[in-house]
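Each chain, letter by letter, is given below.
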Amino acid sequence: MAFTFANHAGRAVLVDGDSFHDLEALSGGAVPSDPAAALAHGDKFHDLQKKTAGRPPEGRIDVTQLGAPSPAPQKVFGIGLNYKTHAAESKMDVPDNPVVFAKFSSCICAPNSNVELRSNGVDYEGEIVVIIGKGGRDIDRIDAWNHVFGITAGQDVSDRPVQMASKPPHFDLGKSFDTFGPIGPVAVSPDALPDRDVIAIKCLVNGEERQNDTSANLIFGIPFLIEYLSHITTLHTGDVIFTGTPAGVGAAQKKLLRDGDVITTTIDGVGTMTNTCVRVADHNLPLVKKA
Ligand code: ZN
């Protein structure tokens with residue numbers, strides 16, 4: 001049975017409608033309450049989700065209490081230019097091989113947390129995000145879905161001036177500011193999705209639709225990415241892959257983020273997360289051209 005997992009008030013829970021069941025209690029102690037540790041027990045969650053039927057829940061989901069479904073990944077990958085339409089709007093060639101960068105795991109934050117802007121060049125990138133369940137090395141694409149714990153929504157927030165500061169550009173730092181990796185609101189098992197190969201994503205800013213696409217249009221799909229990355233580095237439970245953003249980013253339309261902007265990211269079958277932008281400072285990096 002499909003499951004819906006959340007990090008609620010720092011505890012691992014299964015979600016049923018707008019209520020939650022505490023996984024440690026539901027499993028009789030077999031699943032740890034720590035959400036990061038609980039991710040290694042995903043194979044038990046299918047049966048545990050069945051057990052929630054008719055059981056009184058511990059409480060109702062409070063969206064302000066949701067944390068990142070994988071709060072402490074060892075690795076966070078980003079994939080650049082993974083939709084043809086986004087490569088075109090970025091005036092870049094469609095890549096022959098995946099454009100992979102790192103987001104440092106310290107950027108991962110709660111689904112509804114504020115995004116802190118330190119320049120006028122910060123952009124949104126709504127993305128379908130994969131959380132690894134069973135880790136591994138040299139995973140074949142045929143077997144890749146068996147290594148997916150769940151799918152969640154993410155914002156690959158990007159400070160464009162920092163991302164492009166060096167020649168050739170090196171994306172990692174510009175995409176790793178603290179608060180630049182909200183994910184959530186929940187993680188759903190792939191079998192909970194209407195179609196795991198056609199996952200629909202939408203991103204709005206201040207209610208205006210900016211991005212709307214599906215994973216069917218990924219240049220490098222989820223199974224391929226898992227195969228590719230795991231041939232290079234061992235994937236661990238909780239590792240996160242931002243699979244790439246569709247067309248409609250702010251840089252392409254001169255609609256970069258400003259103080260008070262509200263980003264809404266929705267994945268069908270997963271849910272919606274809402275992030276408010278707060279202009280906290282200027283980053284004052286000596287080598288960066290001001291946006
Ligand atoms: Zn991205």
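Thresholds, definitions, all that
For every chain, the first residue of its written sequence is number 1, and the numbers climb from 1 along that sequence. Only residues with pLDDT of at least 70 get local features here, since the model is predicted, and only at 80 or more are side-chain atom pairs given and counted; chain-wide, interface and lining totals rely on the full set of residues. Each side-chain value is worked out from all heavy atoms of the structure, with water and hydrogens disregarded. The definitions used throughout rest on a 1 Å grid laid over the protein atoms alone, on which a cavity is an enclosed set of points accommodating a 1.4 Å probe that cannot get out and a pocket is an open set flanked by protein within 12 Å on both sides along at least five of seven lines; lining residues are those having an atom within 4 Å of a point. Grid points are joined across faces, edges and corners, and a volume is the space filled by probe spheres set on the points. Helix and strand definitions here come from DSSP, where helices need a minimum of 4 consecutive H or I residues and strands a minimum of 2 consecutive E residues; each element is numbered from the N-terminal end. Side-chain classes follow a simple rule in which Ala, Val, Leu, Ile, Met, Phe, Trp, Tyr, Cys and Pro form the nonpolar group, Asp, Glu, Lys and Arg form the charged group, and the remainder, Gly included, forms the polar group. Source of the domain bounds: an automatic or database domain assignment. Joining two parts hides part of their accessible area as seen by a 1.4 Å probe, and the buried area is that hidden amount summed over both. Each salt bridge in this description consists of a side-chain nitrogen of Lys or Arg and a carboxyl oxygen of Asp or Glu lying within 4 Å of one another. Polar contacts here mean pairs of N or O atoms no more than 3.5 Å apart (in protein, one a potential hydrogen donor and the other a potential acceptor; neighbouring residues in sequence count only if both atoms are side-chain atoms). Think of it in three bands: with a 1.4 Å probe and only protein chains considered, a residue is buried below 20% of the maximum accessible area for its type, exposed above 50%, and partly exposed in between. When checking whether two residues touch, look at their non-hydrogen atoms; a contact exists if any pair is within 4.5 Å. Only N, O and S atoms count as donors, using a 2.8 Å cut-off from the metal and 3.2 Å for Na, K and Ca, and because water is excluded some sites may appear unfinished.

*Asks:* What is the right way to read the layout of surface pockets from this model?
*Replies:* Empty space among the atoms can be located by rolling a probe the size of a water molecule over them. Its boundaries defined by the atoms lining it, the second largest pocket holds a volume of some 240 Å³. Contributing to the lining of the second largest pocket are 15 residues, with Gly42, Asp43, His46, Asn146 and Val148 lying nearest its centre. If you list the elements that add at least two residues to the lining of the second largest pocket, you get helix H3 (42-51) and strand E12 (148-155). For the lining of the second largest pocket, the element with the highest residue contribution is H3, accounting for three residues. Looking at the lining of the second largest pocket residue by residue, the class counts come to seven nonpolar, five polar and three charged.

*Asks:* What is the right way to look at the domain arrangement of the protein chain in this model?
*Replies:* How big an interface is tends to be stated in terms of accessible area lost as the parts join. Each domain of the protein chain was delimited in the assignment, giving domain 1 (4-67) and domain 2 (76-279). Look at where the C-alpha atoms of domain 1 and domain 2 centre, and you get two points 25 Å apart. Carbon and sulfur atoms supply 69% of the area buried between domain 1 and domain 2, which totals about 900 Å² over both sides. Counting the contacts that link domain 1 with domain 2 gives zero salt bridges. Linking domain 1 to domain 2 there are two residue pairs in polar contact (both at pLDDT 80 or more).

*Asks:* Mind showing me how you'd approach the environment of leucine 39 here?
*Replies:* With respect to the element layout, leucine 39 can be found in the loop between helix H2 (35-38) and H3. On the basis of relative accessible area, leucine 39 is assigned to the buried category, the value being 2%. Between the alpha carbons of leucine 39 and glycine 150 there is a distance of 9.5 Å; along the sequence they are 111 residues apart. Look past the residues within four positions of leucine 39 in its chain and what remains in contact with it is Phe5, Pro69, Ser70, Ile131, Phe149, Thr237 and Gly238.

*Asks:* What is the right way to read the coordination of the zinc ion from this model?
*Replies:* Each donor-metal-donor angle in an ideal tetrahedron of four donors is 109.5 degrees, and each such angle in an ideal octahedron of six donors is either 90 or 180 degrees. Listed as protein donors to the zinc ion are Glu125 (OE), Glu127 (OE) and Asp156 (OD); their distances from the metal cover 1.9 to 2.0 Å. Read in sequence order, the donor residues coordinating the zinc ion give the pattern E-x1-E-x28-D. Residue glutamate 125 is found in the loop between strand E10 (122-123) and strand E11 (126-132), and its partner aspartate 156 is found in the loop between E12 and strand E13 (158-159); the two are separated by 31 residues along the sequence. The burial state of glutamate 125 is the same as that of aspartate 156; both residues are buried.

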